[in-house]
Amino acid sequence: MVEHRKDVEAKGTWVTYRPEIKVLDCTIRDGGLIHNHMWEDGFVKAVYETLVAAGVDYMEIGYKGSKKIYAPDEYGAWKHCDEDDIRRIIGDNPTGLKISAMADAERSDYKEDILPKDQSVIDIIRVATYIHQIPTALDMIRDAHDKGYEVALQLMAVSVISDKDLADGLEVIAKTPISVLYLVDSFGALYSEQVRDYVQIYLKALEGTGIEVGMHAHNNQQLAYANTIEACIVGANRLDGTINGMGRGAGNCPLELLIGFLKNPKFKLRPVLKCIRDHCFPLRDRMEWGYRVPYMLTGQLNRHPRAAIAHRASDNRDDVVSFYDQLMEED
């Protein structure tokens, strides 16, 4: 007999599905952090066609990053997502797949670079912010909403936000016109019990607003998939993934695992597997992503993975003991 968990409100069963669950793939945006978004057009096109065939709801095609901060001669087109570049890949996007672009607080010239919606093939702007950047994020939300976009908010590094600051932030966010607030485990530090608590906190704070809760997980402790499922079970309806878990450092929740788990028949696994075989595996010789011990260590210590990324780029990349000692000395 299966013992039902009494601490979590039932959200569907194992033999049904919630049609309101939507999946966003951020392979190009998050994976691009590995190499300054220097994607070849063929790879971006392949991901786009894969997501259309797989029934995925959203494709995050990159950032709306400031060209003053991210010089175009040092960063690829998908750090800026100019309209001509996007249309070169997807045309007018005559599909059901919606296109997303992320804009980081204090790193985007959003007033100038984000066009009115009727001039853009982008459907949704995801504003990413740390808690101390909330005032800027609020202005970005208003700007994108007034231009006609669906707007979502990614509140980053939740694992280091104090309870009071989080409560204050959620109170302000609940009054905005966003459609989704994402729980973002930036450091891959959270365990399922914490994810459950955070999602319930978010749901309560947003009750009655119409704002949904989403989950964006990192795989430092090999928990991105499990934590995404946990968030879904508790009531998060917007779920992020990347093909083959591609992303900077330890990567993200693998899309193939996620849509293999979800019961909605609109999701198709085979196109994703084909993309992995034909386009992701060949990149392994040039790019590194996925679980490694240094990322596990920064995740367990609830730290940004930049030190682990630097260690993996060094000559002693496989000396995990010295890296552990280094982290302990910094404590």
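Report follows, based on the coordinates.

## Re the overall build of the chain
Phase 1: For the chain, the helix and strand inventory stands at 13 helices and 8 strands.
Phase 2: Computed over C-alpha atoms, the radius of gyration of the chain comes to 19 Å, within 12% of the 20 Å expected from 2.2 N^0.38 for 331 residues, which places it in the range of a compact globule.
Phase 3: Carbon and sulfur atoms provide 52% of the accessible area of the chain, an area that totals close to 14900 Å².
Phase 4: When the 39 basic and 51 acidic side-chain charges of the chain are each reduced to a single mean position, those positions are 4 Å apart.

## Overview of the pairing of strand S3 (residues 98-104)
Phase 1: Extensive coverage of S3 is indicated by the burial of 6 of its 7 residues.
Phase 2: Where strand S2 (residues 58-63) lies against S3, 4 bridges are found, and the strand directions are parallel. Across the sheet, the residue bridging to Tyr 63 is Met 102, located in S3.
Phase 3: Between S2 and its parallel partner S3, the chain crosses via helix H3 (residues 83-90), and the hand of that crossover is right-handed.
Phase 4: Across 5 bridges, S3 lies against strand S4 (residues 124-129) in parallel orientation. Considered in S4, the bridge of Met 102 is made with Arg 126.

## Overview of the packing of helix H11 (residues 293-300) against helix H13 (residues 320-330)
A packed helix pair is summarised by two numbers, namely the angle formed by the two axes and the spacing between the axes.
Phase 1: Between H11 and H13, the shortest axis-to-axis distance is 10 Å and the interhelical angle comes to 20°. One element, H11, and the other, H13, form an angle in the roughly parallel class. Crossing handedness for the pair H11 and H13: right-handed. Taken together, the residues of H13 that come into contact with H11 (itself represented by Val 293, Pro 294, Leu 297 and Thr 298) are Val 320, Phe 323, Tyr 324 and Leu 327.
Phase 2: Of the residues contributing to the contact of H11 with H13, the split by class is 7 nonpolar, 1 polar and no charged.

## Points about the pairing of S4
Phase 1: Most of S4 is tucked away, with 6 of its 6 residues classed as buried.
Phase 2: Going residue by residue along S4, you find Ile 124, Arg 126 and Ala 128 tucked away on one face and Ile 125, Val 127 and Thr 129 tucked away on the opposite face as well.
Phase 3: As judged from the 6 bridges shared by S4 and strand S5 (residues 150-155), these two strands associate in the parallel manner. Bridge assignment links Thr 129 to a residue of S5, and that residue is Leu 155.
Phase 4: Once the chain exits S4 it traverses helix H5 (residues 134-146) before rejoining the sheet at S5, and the crossover so formed is right-handed.

## Some details on the pattern of salt bridges
Any two side chains of opposite charge can pair, given that their charged atoms come close.
Phase 1: Within the structure shown, the criterion is met by 25 salt bridges.
Phase 2: Where Arg 126 meets Glu 60, a salt bridge forms, and the shortest distance between an N and an O atom there is 2.7 Å. Highlighted residues: Arg 126 in strand S4 and Glu 60 in strand S2, separated in sequence by 66 residues. When sorted by exposure, Arg 126 lands in the same class as Glu 60, which is buried.
Phase 3: A salt bridge links Asp 85 to Arg 88; the nearest nitrogen and oxygen atoms lie 2.5 Å apart. With Asp 85 and Arg 88 both in helix H3 and 3 residues apart, the pair spans about one turn of that helix.
Phase 4: In the salt-bridge network here, residues are joined through shared partners; they are Arg 29, Asp 30, Glu 60, Arg 126 and Asp 240.

## As for the nonpolar core
Phase 1: Counting 81 residues, the largest nonpolar core has Met 59 and Leu 181 as its most contacted members.
Phase 2: Leaving out residues up to four positions away in the same chain, Met 59 has contacts with Asp 25, Ile 28, Val 44, Val 47, Tyr 48, Leu 51, Leu 97, Lys 98, Ile 99 and Ser 100.
Phase 3: Within the second largest apolar cluster, 13 residues are counted, among which are Cys 26, Tyr 58, Ala 152 and Met 156.

Conventions and cut-offs
Residues numbered from 1 in each chain as written. Predicted model: local features only at pLDDT ≥ 70, side-chain atom pairs only at ≥ 80, totals over all residues. Heavy atoms only, no water. Helix = DSSP H or I, 4+ residues; strand = E, 2+ residues; numbered from the N terminus. Rg over C-alpha atoms; globule rule 2.2 N^0.38 Å. Areas by Shrake-Rupley, 256 points an atom, 1.4 Å probe, with all protein chains shown as cover. Lys, Arg positive; Asp, Glu negative; His and termini not counted. Charge placed at Lys NZ, Arg CZ, Asp CG, Glu CD. Buried < 20%, exposed > 50% of the residue type's maximum accessible area, 1.4 Å probe, protein only. Pairing = 2+ DSSP bridges. Right-handed = clockwise from strand over helix to strand, strands pointing away. Axes fitted to C-alpha atoms, helices over the stretch in contact; angles between N-to-C directions. Parallel < 35°, antiparallel > 145°, perpendicular 65-115°, else oblique. Left-handed = near helix turned anticlockwise from the far one by under 90°. Contact = heavy atoms within 4.5 Å. Nonpolar A, V, L, I, M, F, W, Y, C, P; charged D, E, K, R; others polar. Salt bridge = Lys/Arg side-chain N within 4 Å of Asp/Glu carboxyl O. Core = buried A, V, L, I, M, F, W, Y, C linked by side-chain atoms within 4.5 Å.

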